[in-house]
Every structure is written in structure tokens, then in C-alpha cells.
Protein chains: 2
Amino acid sequence: MSKSNNVYKDAFNRCLRLLDETQSLPSEPELGTLLGVSRTTVRSILSRMEETGLIAWNKRNKTVLRAPRPEDFFPEEETDSLAEIIERSFMRRLLASGAEAGMQINELELAREIGVGTTSVREFLIRFSRFGLIEKRRNSHWVLKGFTRAFALELTEIREMFELRSAAAFAALPHDSAVWADLDRLEVEHRQLASDIATRFNEFSELDERFHRLIHRASHNRFIVDFYDVIAMIFHYHYQWNKAEERQRNEVAIQEHLAYIAALKSRDPAKVDAACRKHLKSARQTLLSSIPEGRQAQPADGRLSGTFARA
Amino acid sequence: MSKSNNVYKDAFNRCLRLLDETQSLPSEPELGTLLGVSRTTVRSILSRMEETGLIAWNKRNKTVLRAPRPEDFFPEEETDSLAEIIERSFMRRLLASGAEAGMQINELELAREIGVGTTSVREFLIRFSRFGLIEKRRNSHWVLKGFTRAFALELTEIREMFELRSAAAFAALPHDSAVWADLDRLEVEHRQLASDIATRFNEFSELDERFHRLIHRASHNRFIVDFYDVIAMIFHYHYQWNKAEERQRNEVAIQEHLAYIAALKSRDPAKVDAACRKHLKSARQTLLSSIPEGRQAQPADGRLSGTFARA
DNA sequence: GTAATGTCTTTTATCGTGAAAAAACATTTT
DNA sequence: AAAATGTTTTTTCACGATAAAAGACATTAC
């Protein structure tokens, strides 16, 4: 099978949405930039759009003939990259009960179960290892460290260290920095979401990530910025997994963010520190409360069927 | 070629050194633990030792017949893992002049130049990416961020944050903790090295790493402990690259370590903080002074032959 | 002459394959 | 019966091969 054409399919779908807005498409290089793909892929997309009667394509002329119909789109599941498929599959297993600290991870079995080659699984595990949830034994298998209370505490410890420092750096940024406009925009979005909370509460997690990433970027430190990937990953799956009191939690978080934003705008270090601490404390509480007591680190032993086996 | 047997060769060489000390070798499982390899590999080693007349092997009896000769050993270069070979090769290129920030890294070309498969190079680059020196463009090449002044400053910023916290945690450890004995042992080693500095100054970097890892471990935080891998990697190659005033630098560092150790033993937070800060400051200076001014981040352009190409 | 399109080449992503090494199972020895 | 040895199976590691996607070069259009 060698390689799926999900890049093409995903870009095709995104291009279809563009069709609604205009009568004719821009030049190939322009489309490439817009969709984030190469001209080669753009031309494949245009070819297909011509074939299916969506556009008339003659050199520079790409006239839209009709609006896209649902059946023009490629199925969602065919647009995911292999890495995404593997990650989702792996995280499902990890968060499912039965995945205890100390268990072995079997590359071959994982690959077979997901239906992909071992190379992709290996590469995924190497990339995933920086999240601190798995560890490699030299010339041997991977070991699961488990999504434990200890993990959550270690993660939040670093997060708090990094974010307090970033927030302080943020507040010290000059008045003419572009971040203040970004912050204003985020504040508006927070207020809109707050007033619509009853129906849109599930949009918070995306806003949350953008807000915190903006702050972390002020550190101008690649290690701090990159570490937010770990936090984002954990919170992403955590939100999917723990829906209890989601609306209320998010409502509280939005108010904390607004207070945090006000503190940043005041540029008063003490206020920033206090608002940041307060929010991070409740974020930690939320994460911790979602980890059942049973999910403690404990050396597992014996063998178990499936991807994870007792060591 | 599929897979080299460097694990076997390396373990064989290490096993040869064991031969000097005893008349007979222990059981297979025991040897496996000792050498850190499986019984399968142990048996291959024993087979060869029997063939070359080093031992007489009959079931539980493994009698040493003669002392190993130089020609019994496998050549050093055959005992390195592929990952080590690729890392060395890559770092040589990275630290060589001409590798500027913004350049592209070509997997295929790197693989060809080193003489290995692309998979191994890909996996290496993924693993290496956590050091913050390279970055991947989606569906495309890697980009070199460069060993710049900015990199050194970002690295040391995190290091200082982490080590100050770890040192404070260390000093707060209970009296009966095993780390105090470890610290005492390290102190002795420091004093021995200090008195022999003229001849053994190049042994410092290994001692340095052990000392700092001991401190970082007191944080009980996997992210802090793991981050020391980044520091160790950078300092490892930095030491190889910058030999200027090595002896004097190490002499100063040993004295700083001794003061740092004394502060830890005093368990006085203020003293620990001061000693730690002082040492980290001079470590940062050493690293910074080794980065030539020319080695600044600047967007490269155009193409260049070799592994790294201008973007 | 700049920027697009058309064509060709190179690189990346992924798989199946086979040898090295680990791990599991069976048998013997103490 | 506990621990070693002998044997077989499974897993990891690394490669070459191939389609997707990117990139480079040549040609045409404005």
C-alpha cells in the first residue's frame, strides 16, 4: 500500500469549501499556499474537480461550475494522517482501564491491531516518548509508565513554572508589541463564549489552548513553547475522556482567564502572578480529579492479551 | 544487510574483560544480567569463546583456558549501535562550519552519506528533534535551527530553573536518604580529581554529568530528569569541540562543585541557592564563549551541496 | 520580464522482508 | 523444586522498494 493520499484528500475537501465563496479559483501556487500543499497536489485536486464537473479548467481559467455537494467530499476518516490514526488508537488503549504502569508495549501487536506497518508505529512511539508516558528499554520493548497521579503532578509542576515565567515576560512586553492586539482579540472571544456558554461550552478547550500558547510564546524560549505540546496533548484527551461537569468547569475557567487577561493588561507583576497562580491551581485540580484513585502506579506482572502486556 | 550484530560484539568484548578476573564464568542467566543482554546473545558469545579456545564449555562448566589477546576483541567501531554512528556523523556536520540556521536537512542524502538506511536516519531525526536544534516541516524536510547563541541562552535558562529547584529539593531531603551517601562519594571523587588535575583533567566531564544528574533526580520530576539528556548531549559535544583552556575551566568547575556540595550538606536553602547560581553562571559563560559570533541565526538561502542545503 | 503553467526529478512516507536479539517454552541437572 | 541448559517462537531493528507529495526545471502566457 506504501502511502495513503490523505494529504490530497484533506486538501481537496478544504478546497471544496473554498468553492462556495468564489466564481473562480486563484493560480496554482496561490492555491498551494492557501491549502498548505505543493503544486503537485493542487494539480491533482484541480484535475479531479474538472472530472467531476465542479470546475472548468483551462490553464489560468478555473471557473466554478456548480456548488459542491456532500458526495463530492472524501470521507472524513480518509483524510487523517497515519500518525493521527495511530495516536488516537494508542490513546484509547492507554486511557481504557487495564492499562497499568509497568506494562509492556508490543510494537508488532500494536501495528497489527491498528492495521499499519511497524515502522509507523515505531516512529510514533519515539515521538510520543517525549510526553513522559512511555519509556524504552534498550534493545527491547517499551514500558508504559501510566497516566497516574504522579504523572499529572509532575506535568503541572513544570507547567506552573513555565507559565508563571511566561506570564511575567508577557506583562513586561513593550506597549507596541503585537501581542496586546492578540490578547484583546482573545478577550473578546472569551466574552462572547461566556455569554453563549449554555450552547457553546465545548468550544472552550480550543480557545484555552490558543490563550495559553500566546502566553507561552512570550517566553521566547523554544523549550517552554514546545512543552506546551505535552500539556495540550494531555488536556486534549483528558477533555474527551472526562465530560463530568464540563460546562461548569469551563464557565469557571473563562472567568479565570478574563481575570488573568485583566491582570496582564495591568502589567502589574504581582497581579499577573496572582491571577496566573489562581488559574493554574484550578486547572491542576481539574486534571487531578479526573484521575481515579485506582489508576496508581504499581508494578504490573504476568501477561495480558492485547497491546499492553504485564511485564 | 538488515541488522548488525553490534550488541553481540560489544557484549563479547565486555565479556572478554571479565575473563581476566576469574577461572570460570557464571551461569548463562547471570552473565546475561551482568552484560545487559539476553541469554540468546550470551550463548552466542560462549560459542565463539569455545571456538577460539578461550574457554572450555560443557553445560554448567565454563572454564577459562587462556587470557584474552588483543586480536580476540572485535574492533571498537563494530561495537557501536547504528544510532550512535548516525548521531556522531550528524553532530560532526552540525558543528562544522557551514551549517547555518535555516538550512534544510535531506534524509535521503544523509542516509547515503553515512551509508545507512533512511528509516534509521528518520528515527534518529525524530529522537533528536527534542533537543530543539531541528524542526520538521509537515510532509517535507527538516529545518536546521542551528547551534546559536539564542539556543544556548534558551537551554541554560531552563537548566537554571530546573537545577535551582532540584538543588532546593535535594537540600530538603531527609537525613536518612541514600543520596547523602552518594553525595559523599562524589565529593571524594572531586577531591581526588582536584589533586590529580594536571593529568586527569579530561575525566571531569563524566564526573560533572554524574553530579548534576544526582541533583536533578532529587526533583522527582521526570521532565526535569529527562531534560538533563538535552544538557548532557550539548555539553558532551561542546567539550569535544572546544578544548581551549579545558584544564583551567575544569579546575574552576571542580572548586565550584565542592562549594556547591558543601552548601547542599549545610542544608541551608540560601547557601544552596547561592552556590548553585554561581556554578550555573560560569557554566553558562563557558558554553556561550564557545559559540563564535558568526554562528548567529540568519535565514539562509540558496542551495549548497551536502547534507545541509540552504532553504 | 514576471508569473503562471506544463513536465520531469527528487524526497518523503510507508510497507514487507529477513537477520539479530529477546523472550517463551521444554528439558535436564543439581 | 529451584535453577540451569537446550530449543523454539516472537519481537525488534534495519533495509530496499514503491507510491504520494514536494520540488526543480522548462516552457508559455500576459
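Since the model is a prediction, treat every value here as computed from it, not as a measurement. (Residues numbered from 1 in each chain as written. Chains lettered and ligands numbered in written order. Predicted model: local features only at pLDDT ≥ 70, side-chain atom pairs only at ≥ 80, totals over all residues.)

A. Structural detail: the overall build of chain A. Looking only at helices and strands, one finds 13 helices and six strands in chain A. Expressed as lengths along the three principal axes of its C-alpha atoms, the size of chain A is roughly 65 × 55 × 35 Å. When burial is assessed residue by residue, chain A has 25% of its 311 residues classed as buried. Taking as baseline every contact in chain A between residues at least 6 positions apart, the subset at least 24 positions apart corresponds to 67%. (Helix = DSSP H or I, 4+ residues; strand = E, 2+ residues; numbered from the N terminus. Buried ≥ 20, exposed ≤ 12 C-beta atoms within 10 Å, placed from the backbone. Contact = placed C-beta atoms within 7 Å.)

B. Spotlight on the protein's contact with DNA strand D. Taken together, 42 residues are adjacent to DNA strand D, and A:Asn5, A:Val7, A:Thr40, B:Glu28 and B:Gly117 come closest. Elements represented by at least two residues in the surface near DNA strand D include exactly helix 1 (6-19), helix 3 (39-51), helix 5 (107-114) and helix 6 (118-128) of chain A together with helix 2 (28-35) and helix 6 (118-128) of chain B. (Near = placed C-beta within 6 Å.)

C. Geometry of the relation of the copies chain B and chain A. Rotating chain B by 180° and translating it 0.0 Å along the rotation axis places it on chain A, where the RMSD comes to 0.1 Å. Both chain copies can therefore be described as sitting about a two-fold axis. The rotation axis passes nearest to the C-alpha of B:Glu123 in chain B, at a distance of 3.1 Å. The residues that chain B uses at the interface reappear at the interface of chain A in 100% of cases, marking a shared surface. (Least-squares fit on C-alpha atoms with pLDDT ≥ 70 in both.)

D. Representation of the nonpolar core within the structure. Core analysis: the largest hydrophobic core is formed by 26 residues, its most contacted members being A:Phe227, A:Ile231, B:Phe227 and B:Ile231. Broken down by secondary-structure element, the contributors of at least two residues to this core are helix 7 (149-171) and helix 11 (222-241) of chain A together with helix 7 (149-171) and helix 11 (222-241) of chain B. For B:Phe227, the contacting residues outside a window of four places in its chain are B:Ile158 and B:Phe162. (Core = buried A, V, L, I, M, F, W, Y, C linked by C-beta atoms within 7 Å.)

E. Fine view of the UniProt feature "domain: GntR C-terminal" (unreviewed entry) in chain A. Residues annotated in UniProt with the feature "domain: GntR C-terminal" (unreviewed entry) correspond here to residues 154-282 of chain A. Within residues 154-282 of chain A, the helical portion is 84% and the strand portion 0%, while the C-alpha atoms at the span's ends are 16 Å from each other. (UniProt positions renumbered as here; feature names shortened; annotations may be inferred.)

F. Molecular detail of the protein's contact with DNA strand C. As a matter of local geometry, DNA strand C sits amid 44 residues, with A:Glu28, A:Gly117, B:Asn5, B:Val7 and B:Thr40 nearest to it. Among the secondary structure elements, those contributing two or more residues to the surface near DNA strand C are helix 2 (28-35), helix 4 (82-95) and helix 6 of chain A together with helix 1 (6-19), helix 3 (39-51), helix 5 (107-114) and helix 6 of chain B. When grouped by side-chain class, the residues that make up the surface near DNA strand C number nine nonpolar, 23 polar and twelve charged. (Nonpolar A, V, L, I, M, F, W, Y, C, P; charged D, E, K, R; others polar.)

G. Local environment of the pairing of strand 1 (residues 55-58) of chain A. Residues and elements named next belong to chain A. Inspection of the sheet shows strand 1 paired to strand 2 (residues 61-64) by four bridges, in the antiparallel sense. If you follow Ala56 over to strand 2, its bridge partner there is Thr63. Hairpin connection from strand 1 to strand 2: two residues lie between these consecutive antiparallel strands, with Lys59 at a positive phi of about 50°. (Pairing = 2+ DSSP bridges.)

H. Representation of the environment of B:His279 in the model. With respect to the helices and strands, the residue B:His279 is situated in helix 13 (residues 269-289). Residues B:His279 and B:Ser38, spaced 241 residues apart in sequence, show a C-alpha to C-alpha distance of 42 Å.

I. Quick look at the sheet that holds strand 3 (residues 104-105) of chain B. Residues and elements named next belong to chain B. One open sheet accounts for four strands, arranged 4-5-3-6; its pairing is antiparallel. The sheet is open, and its two edges are formed by strand 4 (134-136) and strand 6 (308-309), each paired on a single side. Bridging between strand 3 and strand 5 (residues 142-144) involves two bridges; their strand directions are antiparallel. Following the sheet pairing, Ile105 is matched in strand 5 by Trp142.

J. Looking closely at the packing of helix 10 (residues 204-217) of chain A against helix 11 of chain A. All names here are of chain A. In contact at an axis separation of 10 Å, helix 10 and helix 11 are set at 165° when each is read in the N-to-C sense. The angle between helix 10 and helix 11 falls in the class roughly antiparallel. Crossing geometry of helix 10 relative to helix 11 is assigned as right-handed. Residues Ser205, Glu209, His212, Arg213, His216 and Arg217 of helix 10 pack against Ile224, Val225, Tyr228, Ala232, Phe235 and Tyr239 of helix 11. In terms of residue class, the contact of helix 10 with helix 11 is made up of six nonpolar, three polar and three charged. (Axes fitted to C-alpha atoms, helices over the stretch in contact; angles between N-to-C directions. Parallel < 35°, antiparallel > 145°, perpendicular 65-115°, else oblique. Left-handed = near helix turned anticlockwise from the far one by under 90°.)

K. Representation of the environment of B:Ala253 within the structure. Residue and element names in this part refer to chain B. Relative to the helices and strands, Ala253 is located in helix 12 (residues 246-266). Look at Ala253 and you get buried, because 21 C-beta atoms sit within 10 Å. The spatial distance from the C-alpha of Ala253 to the C-alpha of Ser282 is 8.1 Å, given a sequence separation of 29 residues.

L. Structural context of the interface of chain B and chain A. If you look at the interface, chain B gives 17 residues, while chain A gives 17 residues. Among the secondary structure elements, those contributing two or more residues to the side of chain B that touches chain A are helix 6, helix 7 and helix 11 of chain B. Considering each element in turn, the side of chain B that touches chain A owes the most residues, five residues, to helix 6 of chain B. Classifying every residue of the side of chain B that touches chain A by side-chain character gives five nonpolar, four polar and eight charged.

M. Structural view of the domain arrangement of chain A. Residues and elements named next belong to chain A. As assigned here, chain A comprises domain 1 (6-77), domain 2 (83-147 + 294-309) and domain 3 (149-289). The gap between the C-alpha centroids of domain 2 and domain 3 is 30 Å. Counting residues at the interface gives ten residues for domain 2 and seven residues for domain 3. (Domains from an automatic or database assignment.)

N. Inspection of the packing of helix 5 of chain A against helix 6 of chain A at higher detail. Residue and element names in this part refer to chain A. Closest axis-to-axis distance for the helix 5/helix 6 pair is 9 Å, and the angle between their directions is 115°. As summarised for this structure, helix 5 and helix 6 are arranged roughly perpendicular, according to the angle between their axes. The way helix 5 lies across helix 6 gives a crossing that is right-handed. Across the interface between the two elements, Glu107, Leu108, Leu110 and Ala111 from helix 5 touch Thr118, Val121, Arg122 and Leu125 from helix 6. Partitioning the contact of helix 5 with helix 6 into residue classes produces five nonpolar, one polar and two charged.

O. Looking closely at the sheet that holds strand 5 (residues 142-144) of chain A. All names here are of chain A. Spatially, four strands are ordered 4-5-3-6 in an open sheet, and the strand pairing comes out antiparallel. Both outer strands of the open sheet, strand 4 (134-136) and strand 6 (308-309), are each paired with one neighbouring strand and no more. As paired elements, strand 4 and strand 5 share three bridges and run antiparallel to each other. Within strand 5, the residue paired with Ile134 across the bridge is Leu144.

P. Inspection of helix 6 of chain B at higher detail. All of the buried residues in helix 6 of chain B are B:Val121, B:Phe124, B:Ile126 and B:Phe128. Where helix 6 of chain B is buried, its residues meet helix 6 of chain A together with helix 4 (82-95), helix 5 and strand 4 of chain B.

Q. Examining helix 7 of chain B more closely. The first and last C-alpha atoms of helix 7 of chain B sit 32 Å apart over 23 residues, in line with the 33 Å expected at 1.5 Å per residue. All of the buried residues along helix 7 of chain B are B:Phe151, B:Leu155, B:Thr156, B:Ile158, B:Arg159, B:Phe162, B:Glu163, B:Ser166, B:Ala167, B:Phe170 and B:Ala171. On the buried face of helix 7 of chain B, the contacting elements are helix 11 of chain A together with helix 8 (179-195), helix 10 (204-217), helix 11, helix 12 and helix 13 of chain B. (Expected span 1.5 Å × (residues − 1).)

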